[in-house]
Amino acid sequence: MAADCVFCKIVDGQIPAEVIAESEHTIAFRDISPKAPVHVLVIPREHEPDIASLAEASPLVAAELLAQSRAIASQEGYEDYNLVFNTGANAGQTVFHAHAHVLAGVDVSKLFLA
Ligand code: 5GP
Ligand code: ZN
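Here the structure is a predicted model, which means the values were calculated and not measured.

Enquirer: I'd like a description of the layout of surface pockets, backed by residues and values.
Expert: As a volume, the largest pocket reaches approximately 520 Å³. In this structure, the largest pocket is lined by 27 residues; those nearest its centre are Asp31, Ser33, His39, Leu41 and His101. Sorting the residues of the lining of the largest pocket by element identifies α1 (6–12), β2 (26–30), β3 (38–44), β5 (100–104) and α4 (109–112) as the ones contributing at least two each. Here the lining of the largest pocket takes 3 residues from α1, the largest share from any one element. For the lining of the largest pocket, the class distribution of residues is 15 nonpolar, 8 polar and 4 charged.

As structure tokens, then:
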């Protein structure tokens, strides 16, 4: 656990969150400021600052996180979804504990990729 990491505190139960799924190495909870009808964050229990660092340190956990993302979208009633990994402050990352944004119910790719 990293000191002063809000997501480590959620993993540890020190900060409440609406947890909707858990797996051996990941936990998923609703974003406090949702940007889509479904906006869930999937995070590793272990602290790594971003998804690339997680993939380098623990590739199986990174893979578990990707698989969990689809399971969560499905659990929320969506087959199709967007996964966003903001990586670095200049790319909008504000919490430096790896996390996937699982977004469903609106095609966010239209906002910036189309
Ligand atoms: P980032 O900008 O780092 O990619 O995403 C961080 C996300 O974490 C934001 O969408 C923000 O709304 C969410 N967030 C920040 N603090 C909390 C919190 O304490 N609880 C929950 N559920 N979400 C949080
Ligand atoms: Zn952390």
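Moving on from the coordinates now.
Enquirer: Pulling in residues and values, what's your account of the side chain of aspartate 50?
Expert: Residue placement: aspartate 50 occurs in the loop between β3 and α2 (51–57). Separated by 2.8 Å, the side chain of aspartate 50 and the backbone nitrogen of serine 53 make a polar contact. Apart from the residues within four sequence positions on either side, aspartate 50 is in contact with Thr87, Gln93 and Ala98.

Enquirer: Talk me through the coordination of the zinc ion (ligand 2); I want residue IDs and the actual numbers.
Expert: All of the protein donors around the zinc ion (ligand 2) are Cys5 (SG), Cys8 (SG), His47 (ND1) and His97 (ND1); their distances to the metal are 2.1 to 2.3 Å. Geometry at the zinc ion (ligand 2) is tetrahedral, judged from its 4 donor atoms and the angles of 107 to 115 degrees they form at the metal.

Enquirer: Account for the pattern of salt bridges, with residues named and values stated.
Expert: One pass over the structure, following the stated rule, counts 4 salt bridges. A salt bridge links glutamate 18 to arginine 30, with the nearest nitrogen and oxygen atoms 3.1 Å apart. Here glutamate 18 is found in the loop between α1 and β1 (19–22), whereas its partner arginine 30 is found in strand β2, with 12 residues between them in sequence. Judged by relative accessible area, which is 29%, arginine 30 ranks as partly exposed. For lysine 110, the salt bridge identified is with aspartate 107, shortest N-O distance 2.9 Å. Classification of lysine 110 as exposed rests on a relative accessible area of 58%. Several salt bridges share partner residues, and in doing so they unite Glu18, Arg30 and Glu76 into one network.

Enquirer: So what's going on with the site of ligand 1? Residues and values would help.
Expert: The environment of ligand 1 is made up of 16 residues, and the closest members are Asp31, Asn86, Gly92, Thr94 and His101. One nitrogen or oxygen atom from the main chain of threonine 94 is found 2.7 Å from an oxygen atom belonging to ligand 1. Interatomic distance of 2.8 Å between a side-chain N/O atom of histidine 101 and an oxygen atom of ligand 1. For ligand 1, whose unbound accessible area comes to 520 Å², protein coverage reaches 83%. For the shell around ligand 1, the secondary-structure elements that each account for two or more residues are α1 and β2. In terms of residue count, α1 provides more of the shell around ligand 1 than any other element does, 3 residues in total. Of the residues assigned to the shell around ligand 1, the class counts are 7 nonpolar, 7 polar and 2 charged.

About the criteria used
- Residues numbered from 1 in each chain as written.
- Chains lettered and ligands numbered in written order.
- Predicted model: local features only at pLDDT ≥ 70, side-chain atom pairs only at ≥ 80, totals over all residues.
- Heavy atoms only, no water.
- 1 Å grid on protein atoms, 1.4 Å probe; cavity = no way out; pocket = protein on both sides within 12 Å on 5 of 7 lines; lining within 4 Å.
- Points joined across faces, edges and corners; volume = space filled by probe spheres on them.
- Helix = DSSP H or I, 4+ residues; strand = E, 2+ residues; numbered from the N terminus.
- Nonpolar A, V, L, I, M, F, W, Y, C, P; charged D, E, K, R; others polar.
- Polar contact = N/O pair within 3.5 Å; in protein donor to acceptor, adjacent residues only side chain to side chain.
- Contact = heavy atoms within 4.5 Å.
- Donors = N, O, S within 2.8 Å, 3.2 Å for Na, K, Ca; no water.
- Tetrahedral: all angles 85-135°; square planar, octahedral: opposite > 155°, others 65-115°.
- Salt bridge = Lys/Arg side-chain N within 4 Å of Asp/Glu carboxyl O.
- Buried < 20%, exposed > 50% of the residue type's maximum accessible area, 1.4 Å probe, protein only.
- Near = heavy atom within 4 Å.
- Areas by Shrake-Rupley, 256 points an atom, 1.4 Å probe, with all protein chains shown as cover.

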